[in-house]
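# Residue-level structure breakdown
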Amino acid sequence: MRTFKLQVQMTVDGYMAGPEGEMDWLSFPWTDDINAYIDALTDEVDCIVLGRRLAEGFIPAWAAGPEGEDQKSIDQMNNTPKVVISNTLTESPWENAVVAGGDLAEIVNGLKARPGGDMIAYGGGTLVSSLIAQGLLDELHLFVNPVAIGAGMPVFGDAGDYRRLRLVAARPFDCGITALHYEPKRA
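Residues numbered from 1 in each chain as written. Predicted model: local features only at pLDDT ≥ 70, side-chain atom pairs only at ≥ 80, totals over all residues. Heavy atoms only, no water.

Identification of the chain as Dihydrofolate reductase from Nonomuraea angiospora is taken from an unreviewed UniProt entry.

For the chain, the helix and strand inventory stands at five helices and ten strands. For 187 residues, the compact-globule estimate of 2.2 N^0.38 gives 16 Å, and the C-alpha radius of gyration of the chain, at 16 Å, lies within 12% of that figure. Taking the principal axes of its C-alpha atoms as reference, the chain extends roughly 40 × 40 × 30 Å. When the accessible area of the chain is evaluated, it comes to approximately 9,800 Å², of which 51% is carbon and sulfur surface. For the chain, the centre of its 14 positive side-chain charges and the centre of its 26 negative side-chain charges are spaced 9 Å apart. (Helix = DSSP H or I, 4+ residues; strand = E, 2+ residues; numbered from the N terminus. Rg over C-alpha atoms; globule rule 2.2 N^0.38 Å. Areas by Shrake-Rupley, 256 points an atom, 1.4 Å probe, with all protein chains shown as cover. Lys, Arg positive; Asp, Glu negative; His and termini not counted. Charge placed at Lys NZ, Arg CZ, Asp CG, Glu CD.)

Read from one edge to the other, the open sheet built from eight strands follows the order S5-S4-S3-S6-S1-S7-S10-S9, with strand pairing classed as mixed. Across the chains shown, the open sheet's two edge strands, defined by having one partner strand only, are strand S5 (97–100) and strand S9 (165–172). Between one strand axis and the next, the sheet turns by 25° as a mean value, whatever way the strands run. Inspection of the sheet shows strand S3 (residues 45–51) paired to strand S4 (residues 82–85) by four bridges, in the parallel sense. Looking at the pairing, Ile48 lines up with Lys82 of S4. Strands in contact with helix H2 (residues 52–63) are S3, S4, S5 and strand S6 (118–123); relative to S3, the strand with the most contacts, it is inclined by about 120°. (Pairing = 2+ DSSP bridges. Axes fitted to C-alpha atoms, helices over the stretch in contact; angles between N-to-C directions. Contact = heavy atoms within 4.5 Å.)

Let us now look at the pattern of salt bridges. Two side chains bearing opposite charge may form a pair once their charged atoms approach each other closely. In total, this model carries six salt bridges according to the counting rule given. Of the charged contacts in the structure, one is a salt bridge between Arg2 and Asp46, with a shortest N-O distance of 2.5 Å. With Arg2 in the segment before strand S1 (4–11) and Asp46 in strand S3, this pair connects stretches of sequence that are 44 residues apart. Here Asp46 falls in the partly exposed class, since its relative accessible area comes to 31%. Of the charged contacts in the structure, one is a salt bridge between Lys112 and Asp138, with a shortest N-O distance of 3.0 Å. Of this pair, Lys112 sits in helix H4 (residues 104–113) while Asp138 sits in the loop between helix H5 (125–133) and strand S7 (139–145), and the two are 26 residues apart along the sequence. With a relative accessible area of 8%, Lys112 lands in the buried category. (Salt bridge = Lys/Arg side-chain N within 4 Å of Asp/Glu carboxyl O. Buried < 20%, exposed > 50% of the residue type's maximum accessible area, 1.4 Å probe, protein only.)

Structure representation (structure tokens):
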């Protein structure tokens, strides 16, 4: 089975976005050490999973070639097939992306059963909370930015019950972000 990873930027107080979806708290510019870490994390990824709302900004932004990103990263993001989780879209308006709707566990388990490399989810908030609550992730890569915002969209949302995690690694970077790599403890 393929490994399904979550990569998410978050605040030290557990939010992935501000109350209105603000992302102005992110730490930039990134340093070479965090870029190398993310390159290694995504080397084996051949499927990106996104929520619809995130996809609406994420896919066009990468297609336009975001300023400050190297061409290798831009090509990797654009060339990697994407699955957009949505119960409102019926077909994809984006190149190299398909829409999947219905039962989230069935969708994810179907994707994981296919041959291929790793899968990675970047968000958004509803998708991340649902993936965590349903125990569908194999690895959580939490990039903790050195800022607290007090309110917003929580990474763990309404998980319903305890989520026990095992720390695999913690790595601070020169830009101030710390990556926490966890695996869910399975019963």
